[in-house]
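A look at the structure
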Amino acid sequence: MSVTKLSNRIDQIFQEKKNNILSIYYTAGFPRRDDTVHIAEYLENAGVDLIEIGMPFSDPLADGPTIQHSGQKALQQGMTLKLLFEQLAHVRQTVNIPVILMGYMNPVLQFGVENFCRHCQQVGIDALILPDLPMQEYLKEYKDIFEAYGLYNIFMITPQTSEARIRLIDEHSHGFIYMVSSASITGAKSEIRPEQVAYFERVRKMQLKNPTLIGFGISNHDTFSTACTYANGALIGSAFIKVLEQSKDLEKDIQQYITAVRGR
Amino acid sequence: MAAVKELKKTSYQVNENGYYGKFGGAYIPEMLYPNIEELRENYLQIMQDPSFQAAFHQLLKDYVGRPTPLYFANRLSEKFGAKIYLKREDLCHTGAHKVNNTIGQILLARQLNKKFIIAETGAGQHGVATATVCALMGMECKVFMGALDMERQKPNVERMRILGAEVIPAVSGNQTLKDATNEAMRYWINYPVDSHYIIGSVVGPHPYPDMVARFQSVVSAEIRQQLLEQTGTEQPDYVIACVGGGSNAAGAYYHFLDEPDVKLIAAEAAGHGITSGESAATTALGRIGILHGSKTLLMQTDDGQVVEPYSISAGLDYPGIGPLHAHLYDTGRATFYSITDDEAMDAGILLSRLEGIIPAIESAHALGALHYMDLKPEDVVVISLSGRGDKDLETYIKWGKY
Ligand SMILES: Cc1ncc(COP(=O)(O)O)c(C=O)c1O
């Protein structure tokens, strides 16, 4: 019962809303160790559609300096996966939008994959983004476990991903496909270049069965709205982390930033 | 098809999915998938092409100075009561075995029409070997090096710069080898089409461990032939090598992997001792995990954060080992000894005094393993003397006990 209900939160969002979906990434345990749940609540109140919570890792291969630094600070402040699940234990009492955990494989392996999935289900996580889990490994080793606990695995595509592989990813995806905006690691950028637009167009013309969200380099109202003309929405990480870094009043600054991105 | 058959020849070779037993694979973000896929699809075909092989071996001969001697170490043999031979990789151009791999990979990069080269380095040996072959081929070269390591290894930084390479400080994490590797991979993600990443050991995502092992396998090919000439038999009783990531060991073991009578001995760096909290002894302290695209044994916290290793030898200062070695350890095919800083330094001085050869401190760890072995007078022992001690002079001086 609860499994199907949980796994539908993401689908529900995309059923209700076809465009301008805004997903925000932030690192667990940052800026202060116990901010994790507050930030989720502020984001929901500010009108964000999905939340991705980053699980800090010592060696985040796909991340740029901003997210690296937030993860390192969180680890220094004593953040662990175990603590994250404690923090999230009651998150579903106050947060209703989909929550995705994003991070690297090694901490998940050490926690125990099945144990990790069980905890995710218990606290109400809807999906996982594990950039260093390749599709073939997922299908062979992890798919059954993830599905047993109602967890979607979100795949990424990039400008270098071949059409055949995009089709394959579409076939195995649930929820949405994460379109990495350029050949790059994470990091805020202030504009979207013509060759990126060509890639967005190319993917849009493929008429994938899954919704797409564009991420990496989205930072403000301009880049967000450009992304939204080519996909169902966009994901913002580094630019939001920068807001958190400088914030003296998380609730107010989060509200302001999200309003600015939405352009209302 | 022939290539695949050859791969399947033995259980110690990588399988078609990139695994050695339960270790290996390619745990890389989608952003790197096309690069890794391009390599995976092409590396065997390119490497096995006769003209590639000819160019590779010509350079190994004329430029690197191969074959390196297999030297019967008379006084060392007397001391330990066995027949000890040193495979003199220290006599390679640039002073270590690392250049065997960089020569191979830069030829491969040219076949793949890559425009520039990136590499990571810890002590600077692999960085120097990469900068060297880039100068040789007239290719642009960027070497990532932990900011802390740049402080500790100034002469090698300048060596790379003299050779025309750009040395880019890695300021993330702990600013050492593992962070330099992260930075190199991040850079590769940002420039996926034109750059080739020359990884410095048998680590990283498949096909790197297999590719680097194949380039280094020239070492054991030569050992076989030289032993035959010198002793009348191709097989030693023992092959000893130090393991940082494991490339010199992979090269020295390669053609003996399927001969169980040849005992494989690995020396890993115990630093101040495996219980001291300052160590790089991966098999003693590590658990299975994923780093830099490979599932392997890894030093880490209970929470799965990678631990910063310590060794007096910068070249052994890596928190993991290559997946081949994790498999050799797991199956018992190789025996691992943890050698402390002190034991390695003593062994380095011993070799200097007995044979007139000052070894790299990495290689001195391999010599340190001799003390733990139960040797018989008729045993034939080959030690991979992976590098020379010139780069380590300052460490020897600081240590001072000579
Ligand atoms: C002389 C020497 N030996 C050994 C190593 C360790 O590397 P590997 O284990 O890949 O041979 C290094 C690394 O820098 C080295 O310079």
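Values in this document were obtained by computation on a predicted structure and should not be read as measured data.

Time to look at the overall build of chain A. When its secondary structure is counted, chain A shows twelve helices and nine strands. Rg of the C-alpha trace for chain A: 17 Å, near the compact-globule value of 18 Å for 264 residues, within the 12% margin. On the principal axes, the C-alpha backbone points of chain A span a range of 45 × 45 × 35 Å. Residue burial in chain A is summarised as follows: out of 264 residues, 64% are buried. Looking at chain A alone, contacts between residues at least 24 apart form 76% of all its contacts between residues at least 6 apart. Split by element, the accessible area of chain A, about 10300 Å² in all, is 49% carbon and sulfur.

What follows concerns the sheet that holds strand S14 (residues 380-385) of chain B. Residue and element names in this part refer to chain B. The six strands lie next to each other as S3-S4-S14-S9-S10-S13, forming an open sheet whose pairing is mixed. Two strands close off the open sheet at either side, each with one partner strand: strand S3 (70-72) and strand S13 (334-340). Taken over all neighbouring pairs, the strand axes of this sheet differ in orientation by 25 degrees on average, direction set aside. As paired elements, strand S9 (residues 238-242) and S14 share three bridges and run parallel to each other. What sits directly across from Val 239, in S14, is Val 382.

The full count for this structure, using the stated rule, is 33 salt bridges over all chains. Taking the shortest distance from any N to any O, the salt bridge between Glu195(A) and Arg193(A) comes out at 2.9 Å. Judged by relative accessible area, which is 49%, Glu195(A) ranks as partly exposed. Given a relative accessible area of 31%, Arg193(A) falls into the partly exposed group. A salt bridge links Lys154(B) to Glu151(B); its shortest N-O distance comes to 3.7 Å.

Looking now at the pairing of strand S4 (residues 83-88) of chain B. Residues and elements named next belong to chain B. The element S4 is largely enclosed, with a buried count of five among its six residues. The pairing of S3 with S4 spans three bridges and is classified as antiparallel. Across the sheet, residue Tyr 71 finds its bridge partner in S4, namely Leu 86. Both S4 and S14 contribute to a ladder of six bridges, which runs parallel. Its bridge partner lying in S14, Arg 88 is registered against Leu 385.

Residue and element names in this part refer to chain B. Splitting chain B by domain gives domain 1 (2-11 + 65-96 + 217-399) and domain 2 (29-60 + 98-211). Once you take the C-alpha centre of each, domain 1 and domain 2 turn out to be 22 Å apart. Taken together, the contacts link 32 residues of domain 1 with 31 residues of domain 2. Across the interface of domain 1 and domain 2, roughly 2500 Å² is buried in total on both sides, 60% from carbon and sulfur atoms. Considering only the surface of domain 1 that becomes buried against domain 2, Thr 94, His 292 and Glu 308 emerge as the three largest contributors, covering 25% of it. Counting the contacts that link domain 1 with domain 2 gives one salt bridge. The shortest N-O distance in the salt bridge between Asp 317 and Arg 152 comes to 3.9 Å. The interface formed by domain 1 and domain 2 includes twelve residue pairs in polar contact (both at pLDDT 80 or more). If you list the elements that add at least two residues to the side of domain 1 that touches domain 2, you get helix H1 (2-7), helix H11 (218-231), helix H12 (247-253) and helix H14 (323-330). Among the elements that line the side of domain 1 that touches domain 2, the one with the most residues is H1, at three residues. Classifying every residue of the side of domain 1 that touches domain 2 by side-chain character gives 13 nonpolar, 13 polar and six charged.

Here is what the cut-offs are and how they apply
Residues numbered from 1 in each chain as written. Chains lettered and ligands numbered in written order. Predicted model: local features only at pLDDT ≥ 70, side-chain atom pairs only at ≥ 80, totals over all residues. Heavy atoms only, no water. Helix = DSSP H or I, 4+ residues; strand = E, 2+ residues; numbered from the N terminus. Rg over C-alpha atoms; globule rule 2.2 N^0.38 Å. Buried < 20%, exposed > 50% of the residue type's maximum accessible area, 1.4 Å probe, protein only. Contact = heavy atoms within 4.5 Å. Areas by Shrake-Rupley, 256 points an atom, 1.4 Å probe, with all protein chains shown as cover. Pairing = 2+ DSSP bridges. Axes fitted to C-alpha atoms, helices over the stretch in contact; angles between N-to-C directions. Salt bridge = Lys/Arg side-chain N within 4 Å of Asp/Glu carboxyl O. Domains from an automatic or database assignment. Buried area = accessible area lost by both parts, 1.4 Å probe. Polar contact = N/O pair within 3.5 Å; in protein donor to acceptor, adjacent residues only side chain to side chain. Nonpolar A, V, L, I, M, F, W, Y, C, P; charged D, E, K, R; others polar.

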